[in-house]
Amino acid sequence: MTGPRIRLTGGPYHTASSASIGEKGELIVEFHDFSDEAEKTFGNDIAFVLSVTPEAKGTVARLLEAGGDEQLLATIRDRFTSYFEVRDWLQSRSIPFTKSFDPWA
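Treat the numbers as computed from the prediction; the structure is a model and nothing was measured.

A.B. asks: Quick rundown of the packing of aromatic side chains? Include the residues and the values.
C.D. replies: All told, the structure shown has seven aromatic pairs when counted by the stated rule. Measuring from centroid to centroid gives 6.0 Å for Phe31 and Tyr83, while their planes differ by 40 degrees, and the two rings are tilted. In this pair, Phe31 is assigned in strand β3 (residues 27-33) and Tyr83 in helix α4 (residues 83-92), connecting sequence segments 52 residues apart. For Tyr83, a relative accessible area of 1% puts it in the buried group. Aromatic side chains Phe48 and Phe101 sit 5.1 Å apart centroid to centroid with 45 degrees between the ring planes, which places their arrangement in the tilted category. Placement of Phe48 in strand β4 (residues 46-52) and of Phe101 in strand β5 (residues 98-102) is noted, with a sequence separation of 53 residues between them. For Phe48, a relative accessible area of 24% puts it in the partly exposed group. In textbook terms, an aromatic cluster arises when at least three aromatic residues are bridged by ring pairs, as seen for Phe31, Phe48, Tyr83, Phe84 and Phe101.

Have a look at this one:
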């Protein structure tokens, strides 16, 4: 079971990005593509999921000047519009994360 989930408002048409806190306290950012192009290319909807460990999540919270998990999610919602913005920000600050691809989202 995950904690609260926030929706990010940007991204390409027929997509959705969100962020949540996972069962182990990790930060999870997801991108779901429901577009016709995803359907044509993969035969169905797809998802990219990135996960930041609880330890690295602390660095994210410090850099964003966010307190607990709810404030961190609210700050992410207010600062970023999509999965891709969060991913690029993490990369630009060398914050480690794992990325997975779900071809059957």
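A.B. asks: Outline helix α2 (residues 54-63), supporting the account with residue identities and numerical values.
C.D. replies: For α2, the full list of buried residues reads Ala56, Lys57, Val60 and Ala61. Along the long axis of α2, the arc covered by the buried residues comes to 150 degrees, so they all point the same way. Structural note: α2 exposes Glu55 and Arg62 on the side pointing more than 90 degrees away from its buried face. On its buried face, α2 sits against β2 (15-21), β3, β4, α3 (69-79) and α4. Where α2 ends, the next residue or the one after it, Glu65, has phi of about 55 degrees, a positive value.

A.B. asks: Kindly report on α4, identifying the contributing residues and their values.
C.D. replies: Those residues of α4 that fall on the buried side of the exposure criterion are Tyr83, Val86, Arg87, Trp89 and Leu90. Taken end-on, α4 shows its buried residues confined to a sector of 165 degrees, consistent with a single buried face. In the stretch just after α4, Ser94 is the one whose phi turns positive, near 55 degrees.

Rules of the game
Residues numbered from 1 in each chain as written. Predicted model: local features only at pLDDT ≥ 70, side-chain atom pairs only at ≥ 80, totals over all residues. Heavy atoms only, no water. Phe/Tyr/Trp six-rings, centres within 6.5 Å; stacked < 30°, edge-to-face > 60°. Helix = DSSP H or I, 4+ residues; strand = E, 2+ residues; numbered from the N terminus. Buried < 20%, exposed > 50% of the residue type's maximum accessible area, 1.4 Å probe, protein only. Arc of directions from axis to C-beta. Contact = heavy atoms within 4.5 Å.

These values are about where atoms sit, not about what they do.
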